[in-house]
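What follows is the residue order along each chain.
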Amino acid sequence: NKYPRQDDQHSVLFPTGYVRDYTLPQRDFFEVSVRERARRMIEDLSQVGDLASCLGARLKRLDGKVGQTGVLTRLAEPFEKLRNNAFQYEMDGFKRPSAFLWTFGPPGMRTARARFALNLMEVGGFLSQDNHSPEDPAATLSLLIKEKPMVVVFCSADETYFGKDSQEMMANARHALTDTIFLLAGQPENWEILKENGLIDSCIYAGMDMIHFLNNIHKQLGVQQEEPHYEA
């Protein structure tokens, strides 16, 4: 049970440009003295330190964070990861992440924003449904309570969001589902007022950082678990 002879090993090229050539005497591993093996290990360790510095500088240039490589092999990777997180969550025995699109107000605008919200939530692996009776808030609220979605997206025109009836409807929904995330389709002027009043948590709109937003939603809901980081 002896190790392969050292001369059978190829030279190792480190990304830093260093080359480590196994030039130990042509003897079996156990015939090489401990002192000689220790000396070679020390030489290797210094080069590994240089390699770590090189990778650290590269990560900094990529504006990476701990636990992230900053390198993508395909542009679709972030989107695939979001959907895979949702599928894995379901495979782990939980209910598939769901979103409810609450449409109301002007038909043209509510339809357009519901379509945008549907596409966005599907990117995150959410199963989405809308209310079948936009003109009946009471029926929609009953359906909402029955389905208990993880996310609710209000879909209407900017000016409609600030109407008294609309805000009362949002408040009733928020009161009925306290653990649900409530979003607004679009980013109307002064939308922060709705957030300050506790009616919504955030907005979704064209041009937003979709990946960052959906990753945060996954983390809030427990769909994406934080990966452990290990430090030396």
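Residues numbered from 1 in each chain as written. Predicted model: local features only at pLDDT ≥ 70, side-chain atom pairs only at ≥ 80, totals over all residues. Heavy atoms only, no water.

Participant: It is not clear to me how helix 2 (residues 77-91) should be interpreted in this structure. Could you clarify?
Facilitator: Side chains that are three or four residues apart share a direction in an α-helix, a result of its 3.6 residues per turn. With 15 residues, helix 2 ought to run about 21 Å at 1.5 Å a step, and its terminal C-alpha atoms sit 20 Å apart, in line with that. Looking at helix 2, one finds that the buried residues are Leu82, Asn85, Ala86 and Tyr89. Buried residues of helix 2 fall within an arc of 90° about the axis and therefore sit on the same side. Contacts made by the buried residues of helix 2 are with helix 3 (107-123) and helix 8 (210-221). Of the residues flanking the end of helix 2, it is Gly93, one or two places downstream, whose phi is positive at about 105°. (Helix = DSSP H or I, 4+ residues; strand = E, 2+ residues; numbered from the N terminus. Expected span 1.5 Å × (residues − 1). Buried < 20%, exposed > 50% of the residue type's maximum accessible area, 1.4 Å probe, protein only. Arc of directions from axis to C-beta. Contact = heavy atoms within 4.5 Å.)

Participant: What is the right way to read the pairing of strand 5 (residues 151-155) from this model?
Facilitator: Along a regular strand, successive side chains alternate from one face of the sheet to the other. For strand 5, the tally of buried residues reaches 5 of 5 residues, placing the bulk of the element in the interior. Side chains of strand 5 alternate between two faces, with Val151, Val153 and Cys155 and Val152 and Phe154 buried alike. By the bridge criterion, 5 bridges tie strand 3 (residues 98-103) to strand 5 in an arrangement that is parallel. For Thr103, the partnering residue across the bridge sits in strand 5 and is Cys155. Pairing geometry for strand 5 and strand 6 (residues 181-185), over 4 bridges, is parallel. Directly across from Val151, in strand 6, lies its bridge partner Ile181. (Pairing = 2+ DSSP bridges.)

Participant: Any chance you could explain unusual backbone geometry here in plain terms?
Facilitator: Note on backbone geometry: most residues besides glycine have negative phi, and most peptide bonds are trans. In this model, Lys148 sits at a positive phi of 50°, which is unusual for a non-glycine residue. Following the sequence through the fold, Lys148 ends up in the loop between helix 4 (137-147) and strand 5. On the basis of relative accessibility, which here comes to 53%, the residue Lys148 falls in the exposed class. Residue Asn190 is not a glycine yet carries a positive backbone phi of 70°. Considering the arrangement of structural elements, one finds Asn190 in the loop between strand 6 and helix 7 (192-196). On the accessibility criterion, Asn190 (43% relative accessible area) is partly exposed.

Participant: So what exactly am I meant to see when it comes to the packing of helix 4 against helix 6 (residues 164-176) here?
Facilitator: Between helix 4 and helix 6, whose axes approach to 10 Å, the crossing angle comes to 20°. With respect to their mutual orientation, helix 4 and helix 6 come out roughly parallel. Helix 6 is crossed by helix 4, and the crossing has right-handed handedness. Here Pro137, Leu141, Leu144 and Ile145 of helix 4 come into contact with helix 6, specifically with Met169, Asn172, Ala173 and Ala176. Here the contact of helix 4 with helix 6 is composed, by residue class, of 7 nonpolar, 1 polar and no charged. (Axes fitted to C-alpha atoms, helices over the stretch in contact; angles between N-to-C directions. Parallel < 35°, antiparallel > 145°, perpendicular 65-115°, else oblique. Left-handed = near helix turned anticlockwise from the far one by under 90°. Nonpolar A, V, L, I, M, F, W, Y, C, P; charged D, E, K, R; others polar.)

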